[in-house]
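These are the residues of each chain, in order.
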Amino acid sequence: MKSSIKYILWAPVLFFFLLSSCEVKEIKEYAALKDQVKIFPDYTEITLPPNIAPMNFSIEEKGEQFQVKISAPKGDPILLKTSKEVQIPMKKWRTLLSQNVNDTLHIEVFVRREAKWYRYPVLSNFIAPDSIDPYLTYRLIEPGYRYWREMGIFQRDLETFDEQPILTNRLSTDEYKGTQCMNCHSFQNYGTDRFLFHLRTGKGGTVFYDKGTYTKMNMRQDSALSAAVYPAWHPSLDLVAFSTNKTSQSFHMNNPQKVEVLDTYSDLVLFDVEKKKLIPIFRTDSILETFPTWSPDGKWLYYCAASNLPSYTDKTTHTAEMYKNYTEVRYHLMRIPFDQDTHTFGAPDTIVRIHNTKASISFPRVSPDGRYVLFTASAYGTFSIWHKSSDLYVVDLQSKQMSSLKAANSKDVDSYHSWSSNGRWIAFSSRRLDGQYTRTFMTYFNKEGIASKAFLLPQKSPTINQTLYKAFNVPELSREAVKTSYRELERVAAQEAEPLKK
Amino acid sequence: MDKQKNKLDAARHPLYEMKWRRAIPSVLFVSVCYLFLMLFRSSYLQMTAKLSLFLNESSFFYSYLQRPGGLLHYFGQFFSQFLLIPWLGAALCVLLLLCLATLVRTMQLFHPKNEQFSYIPPLLLLGSITNMGEMLSVNVNGGYFFSTILGWIFIAALYSLTSRLKLKSIYGECVSAIGAGVLLWAGGVYGVIAFLFLMLRAVLKGDTTDRIYALLVYLISLAVFLFAGYFFLYPHDPLSSIWMAHLKEYPFAIGKLPLIFEWSVIAFLALGVLFSSKLTRVVLPQWLGSGLLVLAFLAVGILSRQGQSENTRCRMIHSAEKEEWEKLLSDASRPGASMPLIAVALAKENKLLDKLFEYVQPTSRNILFETPNEQLSIVNIHVLRSLGLYYYAYHLAYENMVFRAPSIGSFQQLGELSLINNETELAKKYLTTLSHAWLWKKEAESSLQLAEHPELLEKKFSAIRQLQPSYDYLGSPYSGFESMVIYNYAYSQRNVISLQYAVAALLLQKRIQELPNWMQSMQATYNPSLPLHVQQALALRTGLDPTFVLPDGWVDANVNSQLKEFLKLYSSAKDPKAAMNLTKLYKQTYWYYYMFAAVNSGKDENASYDQR
């Protein structure tokens, strides 16, 4: 009995001793190295949001032990005795960032080799004054060509590492075991009160979530080319503009771009969510209209259009001609005025002509302040997501000047993108890591219209970028988390789609 | 001396003698199963290993835990990796089957003297897992080969252990139900089967009240475990996937052989449980047990022809991977031989246009390429690779990985194809993953070295990169193969292999009227004499169309005279004797194929190549 009391008394002492021995002491004696430390992801010289999750990274240098110091002018530095994979404590990271908004964050990496400590040159990053929208929604799918297996739409909390599925194809109804595919998720005006996505194959349709109610529509209509494809919610009305596309896929025999997708015909339609009616906007064979997007005031519909088609009059040879001349098909950036009272459109206007750019435009998105249109420019065609030449550009609607987001772009594909609701951040997909698996990158877009060096979406374990055999598609930022229920969506996905009203 | 005496005494002891005698069936069982696997399934085992995936990483383990039935599949994948070394994989498989036989014995369904019966379920399982065909890995979890055995081991172990519980009956049933519930999460459908067996056992014993209580315990437990899984453990899985895990993606329809074998296991054991109270009391005649065992052996052996064909096909794929063309051709006459791989081997040895029709019958289909089964033929990847169409080979290999689920084989193939295509960062991704697999670490690391050193990469692949087309165009690696190879040679790919394929495609499509257009290339490659089948086709062209004048030196006089003989016999082919002679003498000529094969002459389905 006596001895057990003794142990109980000694236990706190031992506990505090262990705790103090775990405390990391800053390394004072070291030799300075000249070469910059290699870390993955490349979190150097970047601008980061003050509300971003810890930017964990891997040290790609040899060493027996590693120590990392993360510091900023204000507050306590974070000292970490670490393996090659650096895991930054969430609480300390948040405190440090919040104390040093609009200031510099330093990262020092120490490595121990043969009983001696070395320090690499300090890495510096800037903490922006503007927060990024805290939620990012994306689709995780194998970047394949004809097949998919398990896939789904997920939402990531950018302030933590929490990732939640919105819906996956594990729903596996008896008839379509795990084969349902979903795509093109879209929010209305950075909120999540209204949300849609398409379900393909099986019991396909377009699922609309509108403030608690779920509807699944069959968006096929005899007069339209196809079911609805690329969506764009009107910022305030119960309307969604869609493209309808006749699409075909082909494969490069000797080209790392691997796959080519062509629209042989495409038009735009407007869907009235309340009336469940589809209204044509354009129905032309001679022009391919696609990628609709609204201006923030809802008065303009922007889109891309290709009119220099090789042949469209003879439908029997049109597809073959398109394939023969696929590198000649390029898309302009256009817009058309929209009357919000009568729901009617005016005359189209060209914003960026292709002969000025020698490029083809896709995925236009107007900045929340209405000043810039961000788009992807690639050498030709509509399938910029597989074109190595794809880069991000903006056109300033005031000066009509077009500029590349040079610091954010890479040699590989930089494509689908979305704005943060404050217009200061852009999330986009890029294949720069390996040429195949898209990852989400983020860049700061300052008031002068210049983007900073892009950085990879932080992950709890950065090695997931290496081990995950899925691509992050269609990264969409939103101010709030989705409000849909997984089980409810599962139910809706399994039911038959409602036909359109005539 | 004393020790020796003790040994002798012990040997004379009836128990010792009994144990020794009892070991005979086990030894026989082990020997026969092991020999069966080694002699008739060794290539199949290796292919199974390549289509599985086990990574030495915690994240890999957690990814399996996150899905219903995942634990069973994780262990299945763990064991499957050892199938790469067939003697080791076969030994593990046989040991697990023996373990199952022992557990079945301890289930106390039969009298101890009828222990032969305990070997029947593992034997039927052997029939199930060795007949899965190429689709054996079509499951997101993979590892079927072993997870099937393990599932049954868990069922038998649970049944056996709970039979020995000294608890009061209702508490015993509760413990059994909890065990089955855990097995439901860990092994999906095997948990359900365990519930069924335990319920069956419960309703056969005790009084009516006991039975009702026991049934209630099981039904409530089943519901609790199912719904707990649905709401808490697997909130993003449908209810069906919890109880159907393993079965739900089983790649075979109910009527297919592997499931027939597994249903037989269920039926056999269910009958055992049903009549256990009687069967444990009576000794069934020895001949019955032995007879049933022999029948089961025969069923596995006779009904396993599909597996045998698959084994041949797997062996040919391995030969193609190792570029052992002669070995590949030595399998050509076996059932299940892959004609497209034979064509690859012939083309590699520059004999495709001399020997192709020795292997082709007029009824043969899918000669140069396999008809893509859901466009996912593994063989077609090898054919496209041999032709130098590495991007297309990559496409197919990638789609294979997506459709079948990632595997060692897919990472190896994609890593190498990415290296050939000079996509080193992509190659590193696949190879780094591969380096986390125990048995592949060394190979992956040496390939990673290539990715890091462009000069080594160039040295290793410069020769095979020269097979690539000279320029790019849009096409499809999924259909219209014969048009593709013809178009390919004509426009972008000038090498001997693609020439052989293009001309072979023309011959197979009976487009002999186009042959003269190819003579320039042919004569530049084949000097002084053209390949036999080309000569036969040219001679036939003249025979069928007298206006066509055959230039000197294209066809040997011998071929012309043979053709005359052939045509003479052909014209009298209505006479059965003449027909028999025709087959006997000319079966291996192009003429025979031309006259009897039902092929639409002209271009195949994907004529769009010519338009592009």
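Within any chain, residue numbers begin from 1 and follow the written order of that chain's sequence. Lettering for chains starts from A, numbering for ligands starts from 1, and both go in the order in which the items are written. Given that this is a predicted model, residues contribute local features only at a pLDDT of at least 70 and side-chain atom pairs are listed and counted only at 80 or more, while totals for whole chains, interfaces and linings are drawn from all residues.

### Observations concerning the packing of helix α3 (residues 42-50) of chain B against helix α16 (residues 305-321) of chain B
All names here are of chain B. How we decide: The axes used here are C-alpha line fits, helices contributing only the stretch in contact, and every angle between their N-to-C directions lies in the interval 0 to 180 degrees. Helix and strand definitions follow DSSP, with helices as H or I runs of at least four residues and strands as E runs of at least two, each counted in order from the N terminus. In these notes the angle categories are as follows: under 35 degrees is roughly parallel, over 145 is roughly antiparallel, 65 to 115 is roughly perpendicular, and the rest is oblique. Should the near helix be turned counterclockwise from the far one by less than a right angle, the crossing is left-handed, whereas a clockwise turn marks it as right-handed. Remark: residues whose backbone-derived C-beta atoms lie within 7 Å of one another are considered to be in contact. Residues were grouped as follows: Ala, Val, Leu, Ile, Met, Phe, Trp, Tyr, Cys and Pro as nonpolar; Asp, Glu, Lys and Arg as charged; and all remaining residues, including Gly, as polar.
Where α3 contacts α16, the two axes come as close as 7 Å, and the packing angle between them is 70°. By the criterion of interaxial angle, the relationship of α3 to α16 is roughly perpendicular. Here the hand of the crossing between α3 and α16 comes out left-handed. Residue-level inspection shows Ser43, Tyr44, Gln46 and Met47 of α3 in contact with α16, the latter providing Gly307, Glu310, Asn311, Cys314, Arg315, Ile317 and His318. Looking at side-chain class alone, the contact of α3 with α16 contains four nonpolar, five polar and two charged residues.

### A short note on the sheet that holds strand β35 (residues 471-478) of chain A
All names here are of chain A. Heads up, the rule is: For two strands to be treated as a pair, DSSP must find no fewer than two bridges joining them.
Reading across the sheet, the four strands line up as β13-β12-β11-β35 and stay open at both edges, with antiparallel pairing between neighbours. Since the sheet does not close on itself, it has two edges, and those belong to β13 (163-168) and β35, each with one partner. The average undirected angle you get between the axes of adjacent strands in this sheet is 25°. Across six bridges, strand β11 (residues 135-141) lies against strand β12 (residues 152-157) in antiparallel orientation. Within β12, the residue paired with Leu140 across the bridge is Gly152.

### Topic: the interface of chain A and chain B
Contacts between chain A and chain B engage 35 residues on the former and 40 residues on the latter. At the level of secondary structure, the elements contributing two or more residues to the side of chain A that touches chain B comprise β13, β19 (239-252), α3 (315-324) and α5 (464-467) of chain A. Of the residues belonging to the side of chain A that touches chain B, the class tally is 14 nonpolar, 11 polar and 10 charged. The sheet contact formed by β19 of chain A and strand β1 (residues 474-475) of chain B spans two bridges and is antiparallel. Of the residues in β1 of chain B, the one forming a bridge with His252 of chain A is Leu474 of chain B.

### A closer look at the pairing of strand β21 (residues 277-282) of chain A
Residues and elements named next belong to chain A. In this sheet, β21 lies alongside strand β20 (residues 259-272) in antiparallel orientation, the contact comprising five bridges. Each bridged residue has a counterpart across the sheet, and for Phe271 the counterpart in β21 is Leu278. Turn length for the β20-β21 hairpin, with the two strands adjacent in sequence and antiparallel, is four residues, and the turn residue Lys276 shows positive phi of about 60°.

### Section: the domain arrangement of chain A
Residues and elements named next belong to chain A. Inclusion rule: Residue ranges assigned to the domains are those given by an automatic or database domain assignment.
Along its sequence, chain A is carved into domain 1 (31-127) and domain 2 (135-494). Counting residues at the interface gives 17 residues for domain 1, matched by 16 residues for domain 2. For the side of domain 1 that touches domain 2, the elements supplying multiple residues, two or more each, are β3 (47-48) and β4 (57-59). Classifying every residue of the side of domain 1 that touches domain 2 by side-chain character gives 11 nonpolar, four polar and two charged.

### Details of the confidence of the model for chain B
Residues and elements named next belong to chain B. Worth spelling out the cut-off: pLDDT is a per-residue confidence score from the predictor, ranging from 0 to 100.
Mean pLDDT over chain B stands at 86; residues scoring 70 or higher make up 90%. Confidence drops under a pLDDT of 50 for residues 601-612, and excluding neighbours within four residues, the segment shows 31 contacts in the predicted structure. Interface confidence in the predicted complex, given as ipTM, is 0.92; pTM for the same model is 0.91.

### Structural notes on the environment of Phe345 of chain A
All names here are of chain A. Keep this limit in mind: Put simply, a residue is buried when 20 or more other C-beta atoms lie within 10 Å of its own C-beta and exposed when 12 or fewer do; between those, it is partly exposed, and each C-beta is set from the backbone.
As for its position among the elements, Phe345 is in strand β25 (residues 344-345). In this structure Phe345 comes out as partly exposed when scored by C-beta crowding, with 18 C-beta atoms within 10 Å. Measuring from C-alpha to C-alpha, the distance between Phe345 and Ala377 comes to 26 Å, with 32 residues separating the pair along the chain. The contact partners of Phe345, leaving out residues within four places of it in the chain, are Ile281, Leu301, Ile336, Pro337 and Phe338.

### Comments concerning the pairing of strand β27 (residues 360-366) of chain A
Residue and element names in this part refer to chain A. Of all seven residues in β27, seven are buried; the element is thus mostly enclosed. Here five bridges tie β27 to strand β28 (residues 372-378), and the two strands are oriented antiparallel to one another. Looking at the pairing, Arg365 lines up with Leu374 of β28. Between β27 and β28, which pair antiparallel one after the other, the connecting turn spans five residues, and Gly370 there sits at a positive phi close to 80°.

### Notes on the sheet that holds strand β32 (residues 425-430) of chain A
Residue and element names in this part refer to chain A. Read across the open sheet, the four strands follow the order β31-β32-β33-β34; overall the sheet is antiparallel. Two strands bound the open sheet, and with one partner strand each, they are β31 (414-419) and β34 (455-456). In terms of strand pairing, strand β33 (residues 439-444) meets β34 through two bridges, oriented antiparallel. Note that in β34 the partner of Met442 across the bridge is Phe455.

### What about unusual backbone geometry?
Residue and element names in this part refer to chain A. Note that the residue after Phe40, namely Pro41, is joined by a cis bond; omega there is -5°. Relative to the elements of secondary structure, Pro41 occurs in the loop between β2 (39-40) and β3. We note that Asn189 has phi near 50°; this positive angle belongs to a residue other than glycine. Inspection of the secondary structure assignment puts Asn189 in the loop between β14 (181-187) and β15 (194-200). With a phi close to 50°, Phe363 is a non-glycine residue in the positive phi region. Take Phe363: it is sitting in strand β27.

### Regarding the domain arrangement of chain B
All names here are of chain B. The domain architecture assigned to chain B consists of domain 1 (2-303), domain 2 (308-465) and domain 3 (516-596). Placing the centre of domain 1 and that of domain 2 at their C-alpha centroids yields a distance of 36 Å. Contacts between the two partners involve 24 residues from domain 1, matched on the other side by 19 residues from domain 2. For the side of domain 1 that touches domain 2, the element with the highest residue contribution is α3, accounting for six residues.

### Focus on helix α9 (residues 169-187) of chain B
All names here are of chain B. Applicable threshold: Here the expected length of a helix is defined as 1.5 Å per residue gap, with one fewer gap than residues.
If you check α9, its first and last C-alpha atoms are 26 Å apart, about what 19 residues at 1.5 Å a residue would give, namely 27 Å. All buried positions along α9 are accounted for by Glu173, Ser176, Ala177, Gly179, Ala180, Gly181, Leu183, Leu184, Trp185, Ala186 and Gly187. Elements in contact with the buried residues of α9: α5 (70-80), α8 (144-163), α10 (189-203), α11 (208-233) and α12 (239-243). Positive phi shows up at Gly188, right after α9, with a value of about 55°.

### Some words on the packing of helix α23 (residues 424-434) of chain B against helix α24 (residues 441-452) of chain B
Residue and element names in this part refer to chain B. Following both chains from N to C, one finds α23 and α24 inclined at 165°, their axes separated by 9 Å at the closest point. Between α23 and α24, the interaxial angle falls into the category roughly antiparallel. You can see that α23 and α24 cross each other, and the crossing is left-handed. Residue-level contacts link Thr424, Ala427, Lys428, Leu431, Thr432 and Leu434 of α23 to Ala444, Ser447, Leu448 and Ala451 of α24.

### Considerations on α16 of chain B
Each full turn of the α-helix corresponds to 3.6 residues, which orients residues three or four apart in the same direction. Residue and element names in this part refer to chain B. For α16, built from 17 residues, the straight-helix expectation of 24 Å at 1.5 Å per residue is met to within 8% by its first-to-last C-alpha distance of 24 Å. Considered for burial, the residues of α16 that qualify are Gly307, Glu310, Asn311, Thr312, Arg313, Cys314, Arg315, Met316, Ile317, Ser319 and Ala320. Two residues or fewer past α16, Glu323 is found with a positive phi of approximately 55°.

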